[in-house]
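Structure at a glance
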Amino acid sequence: TKRVTAELWLHPGVSTSSCSTLLTSVECTTCGSSLFRASSPNLSLYDCGLHDLRGIGMLGDCSRVQKLNLGHNDFTEIPPDFALLADTLEVLWLDDCQLHGPLPECIYQLVNLKELRMSGNQISEVRAGNVVDVGLDEDDDEDMEEDGLSALKLLEVLCLDNNNLTTMTSLICI
């Protein structure tokens, strides 16, 4: 059984002020390789036996992660605090995990994403998006926001092959 000693940055009791220092010591217990350096914009936890991502949003408070590879792990959901990575995250790989159901809402909040790879999961629904009026003044265009994939204006690569897509709310053209 593969295990990752990553509770230093996944544990909710760790303060974000000490997070950057702790991130330098995350190692894969399978191969012993260093998984992350606090100064590096890339984090790969590929095939490390992760079963749970709770607390991963803490990375958004103390790092500049731009590329995150969590592919080929065993987690079944992405926690809402994942959206805390929105300021810096540009590339997200979640290939061949155990994700199922609709595309998690927090993914639509990662507005700086340029590449999203979620092949080989059991994703059943993707919201392409709509323009939503969030203001009180019906005539004010500044109160308009986009939701779903249309909110990801920088997205250039979207891989959703080998999923169970049964619902697409509208045609996606990227």
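Residues numbered from 1 in each chain as written. Predicted model: local features only at pLDDT ≥ 70, side-chain atom pairs only at ≥ 80, totals over all residues. Heavy atoms only, no water.

1. Points about the overall build of the chain
Helices and strands together make up the secondary structure of the chain, namely three helices and twelve strands. Roughly 9300 Å² of accessible area belongs to the chain as shown, and the carbon and sulfur atoms make up 48% of that amount. (Helix = DSSP H or I, 4+ residues; strand = E, 2+ residues; numbered from the N terminus. Areas by Shrake-Rupley, 256 points an atom, 1.4 Å probe, with all protein chains shown as cover.)

2. What to know about the nonpolar core
Leu 68, Leu 70, Phe 82, Leu 89, Leu 92, Leu 94 and Leu 110 are the most contacted members of the largest nonpolar core, which totals 33 residues. Each residue touching Leu 92, except ones within four places of it in the same chain, is listed here: Leu 68, Phe 82, Ile 107, Leu 110, Leu 113, Glu 115, Leu 116 and Arg 117. (Core = buried A, V, L, I, M, F, W, Y, C linked by side-chain atoms within 4.5 Å. Buried < 20%, exposed > 50% of the residue type's maximum accessible area, 1.4 Å probe, protein only. Contact = heavy atoms within 4.5 Å.)

3. Comments concerning the packing of aromatic side chains
Under the counting rule described, the total for this entry stands at zero aromatic pairs. The lysine or arginine in question, Lys 67, covers the ring of Trp 93, its NZ or CZ lying 4.9 Å from the ring centre. Arg 127 extends its terminal NZ or CZ atom over the ring of Tyr 108, reaching a point 4.5 Å from the ring centre. (Phe/Tyr/Trp six-rings, centres within 6.5 Å; stacked < 30°, edge-to-face > 60°. Lys NZ or Arg CZ within 6 Å of the ring centre and 35° of its normal.)

4. Considerations on the sheet that holds strand β4 (residues 67-69)
Overall, parallel pairing links the five strands, which are arranged β3-β4-β5-β7-β11 in an open sheet. Two strands in the sheet have a free side with no partner beyond their single neighbour: β3 (42-44) and β11 (157-159). Direction aside, neighbouring strands of the sheet carry axes that sit 5 degrees apart on average. Sheet topology note: the β4/strand β5 (residues 91-93) ladder contains three bridges and is parallel. Looking at β5, one finds that Asn 69 is bridged to Trp 93. (Pairing = 2+ DSSP bridges. Axes fitted to C-alpha atoms, helices over the stretch in contact; angles between N-to-C directions.)

5. Here we look at the pattern of salt bridges
Considering all chains together, one arrives at four salt bridges under this definition. Put simply, Asp 52 and Arg 54 hold a salt bridge, and the shortest N to O gap is 2.3 Å. Classification of Asp 52 as partly exposed rests on a relative accessible area of 31%. One salt bridge in this structure joins Glu 115 and Arg 117, with 2.4 Å as the shortest N-O distance. (Salt bridge = Lys/Arg side-chain N within 4 Å of Asp/Glu carboxyl O.)

6. Examining the side chain of Asn 69
Tracing the backbone shows Asn 69 in strand β4. With residues near it in sequence (within four places) discarded, Asn 69 still touches Leu 43, Ser 44, Leu 45, Tyr 46 and Trp 93.

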